[in-house]
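An overview of the molecular structure
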Amino acid sequence: MDLTREEQNKIFILSAPSGTGKNTVITRLLEFRQDLSYSISTTTRPPRGTEKNGVEYYFVDKEDFLAGINNGDFLEYAPVLDRFYGTQKSEIRRILGMGKMVIMDIDIQGSFQLKEKYPGVHNLFLVPPSLEILRERLVRRKTETPEQIEKRMELAKKEMEFRERFEKIFVNEKLESTVLSLSAYIDQTQKLPA
Ligand code: 5GP
């Protein structure tokens, strides 16, 4: 997929260890920025809680996902905790075609894949104030079993080691200030030449 430098400049990838509050940050940001649109990923994991197909994710089975890979449908994809997650090229075209900027919530493998291929995209990292706070949030969320929480904590520790490779890091201390900093950062990137 060809993306011009201007198009790359309109793509923001937010990665974060699971439980950092990334979904809440993105939801809040989308509430007051009409110029941004969320890239809906495709996954083989089952829906969680109230999640609906075509809203949080496109939920597909493994067979369909692998067929998509063979077709070259994905801009990037990665296995995360034994499941596949990926961004379809058509999703990015749909959003850019509406004249909007794209916000993507993808894991760090996918983020680095895209940054390498398209250096003009913005790979951002959201971190929790501490790993202890992260564990508390995962426990409070009640969507994972204790074993899954341990797996996610292990993954979070590994992911934090890559923080220096991101263009910009945001510490999610207070929701509103995180959202405002992120929004201000987006504005700043649009003022500079792509
Ligand atoms: P969850 O199961 O909690 O919704 O997501 C697990 C992880 O998968 C998160 O780190 C999330 O960022 C990542 N993820 C979601 N969509 C994509 C995607 O399209 N591509 C990649 N590489 N990772 C994704």
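First things first, this report covers the structure right here in the doc. Everything numeric in this text was worked out from a predicted model, so none of it was measured. All residue numbers refer to position in the chain's written sequence, counted from 1. Given that this is a predicted model, residues contribute local features only at a pLDDT of at least 70 and side-chain atom pairs are listed and counted only at 80 or more, while totals for whole chains, interfaces and linings are drawn from all residues. Processing note: side-chain calculations cover all non-hydrogen atoms of the structure and skip hydrogens and water entirely.

1. Describing the overall build of the protein chain
We count it as follows: Helix and strand definitions here come from DSSP, where helices need a minimum of 4 consecutive H or I residues and strands a minimum of 2 consecutive E residues; each element is numbered from the N-terminal end. In this description the radius of gyration comes from C-alpha coordinates, and the expected globular size is given by 2.2 Å times residues to the power 0.38. Relative accessibility decides the category of a residue: with a 1.4 Å probe and only protein chains considered, values under 20% of the type maximum give buried, values over 50% give exposed, and everything between is partly exposed. Residue contacts are defined here by distance: any two heavy atoms, one from each residue, within 4.5 Å place the two residues in contact. Under the convention used here, a 1.4 Å probe and the Shrake-Rupley method define accessible areas, while residue burial counts only the protein chains that appear. Positive charges come from Lys and Arg alone, negative charges from Asp and Glu alone, with His and the N- and C-terminal ends not counted. Note that the charge is assigned to NZ on lysines, CZ on arginines, CG on aspartates and CD on glutamates.
Within the protein chain, the secondary structure is distributed over eight helices and nine strands. A compact globule built from 194 residues should have a C-alpha radius of gyration of about 16 Å, and the protein chain, at 16 Å, falls within 12% of that. A principal-axis box enclosing the C-alpha atoms of the protein chain has dimensions of 45 × 40 × 30 Å. Evaluated residue by residue, the protein chain yields a buried proportion of 45% over its 194 residues. A fraction of 69% describes how many contacts in the protein chain between residues 6 or more apart in sequence connect residues 24 or more apart. Carbon and sulfur atoms provide 52% of the accessible area of the protein chain, an area that totals close to 10300 Å². Across the protein chain, the mean location of the 30 positive side-chain charges is 3 Å away from that of the 30 negative side-chain charges.

2. Overview of the sheet that holds strand 4 (residues 57-59)
Applied cut-off: Strand pairing is defined by DSSP finding a minimum of two bridges between the two strands. For helices, the fitted axis covers only the stretch in contact; all axes are lines through C-alpha atoms, and the angles between them, taken along N-to-C directions, range from 0 to 180 degrees.
On the basis of which strands lie adjacent, the open sheet formed by four strands has the order 4-3-6-5 and mixed pairing. Of all strands in the sheet, those bounded by a partner on one side alone are strand 4 and strand 5 (74-80). On average, each strand axis in the sheet is tilted by 25 degrees relative to the strand beside it, whichever way the strands run. Note: strand 3 (residues 41-43) against strand 6 (residues 83-88), two bridges, orientation antiparallel. Directly across from Thr42, in strand 6, lies its bridge partner Gly86. Against the sheet, helix 4 (residues 89-97) engages strand 4, strand 5 and strand 6, with an angle of about 35 degrees to strand 6.

3. Observations concerning the nonpolar core
How we decide: In these notes, a set of buried Ala, Val, Leu, Ile, Met, Phe, Trp, Tyr and Cys residues joined through side-chain atoms within 4.5 Å is what counts as a nonpolar core.
In terms of nonpolar packing, the biggest core is built from 18 residues, with Leu14, Leu29, Ile103, Leu124 and Leu182 touching the most fellow members. Every element with two or more residues in this core is listed here: strand 1 (11-15), helix 2 (22-32), strand 2 (36-38), strand 7 (101-105), strand 8 (122-127) and helix 8 (175-191). Ranked by residue count, the leading element in this core is helix 8, at four residues. If we skip the residues at most four places from it in the chain, Leu29 touches Leu36, Ile103, Val179, Leu182, Ser183 and Ile186.

4. Details of the site of the ligand
The following threshold applies: We call a residue near a molecule or strand whenever a single non-hydrogen atom of that residue lies within 4 Å of it. Whenever two N or O atoms come within 3.5 Å, that pair is a polar contact, provided that in protein one can donate a hydrogen and the other can accept it, and provided that, for residues adjacent in sequence, both atoms are side-chain atoms. Residue classes follow a fixed rule: Ala, Val, Leu, Ile, Met, Phe, Trp, Tyr, Cys and Pro count as nonpolar, while Asp, Glu, Lys and Arg count as charged, and any other residue, Gly among them, counts as polar.
For the ligand, the set of nearby residues contains 16 residues, the closest of which are Ser41, Arg45, Tyr57, Tyr85 and Asp107. For the ligand, an oxygen atom lies 3.3 Å from a polar atom in the side chain of Arg48. A distance of 2.6 Å is found between an oxygen atom of the ligand and a side-chain nitrogen or oxygen belonging to Tyr57. Taking 510 Å² as the accessible area of the ligand by itself, protein coverage stands at 94%. For the shell around the ligand, a count of residues per class yields five nonpolar, four polar and seven charged.

5. So, the packing of aromatic side chains
Aromatic ring pairs: the centre-centre distance and the angle between the two ring planes describe each pair. Where we set the bar: Pairing of aromatic rings covers Phe, Tyr and the six-membered ring of Trp, with a centre-to-centre limit of 6.5 Å; geometry is then stacked below 30 degrees between planes, edge-to-face above 60, and tilted otherwise.
Counted according to the given criterion, the structure contains ten aromatic pairs. Considering the side-chain rings of Phe65 and Phe74, the 4.5 Å spacing of their centres and the 20 degrees angle between planes classify their relative orientation as stacked. Look at Phe65 and you get buried, because its relative accessible area is 0%. Residue Phe74 is classed as buried on the basis of its relative accessible area, which comes to 11%. Residues Phe125 and Phe166 carry aromatic rings whose centres are separated by 4.3 Å and whose planes lie at 5 degrees to one another, so their mutual orientation is stacked.

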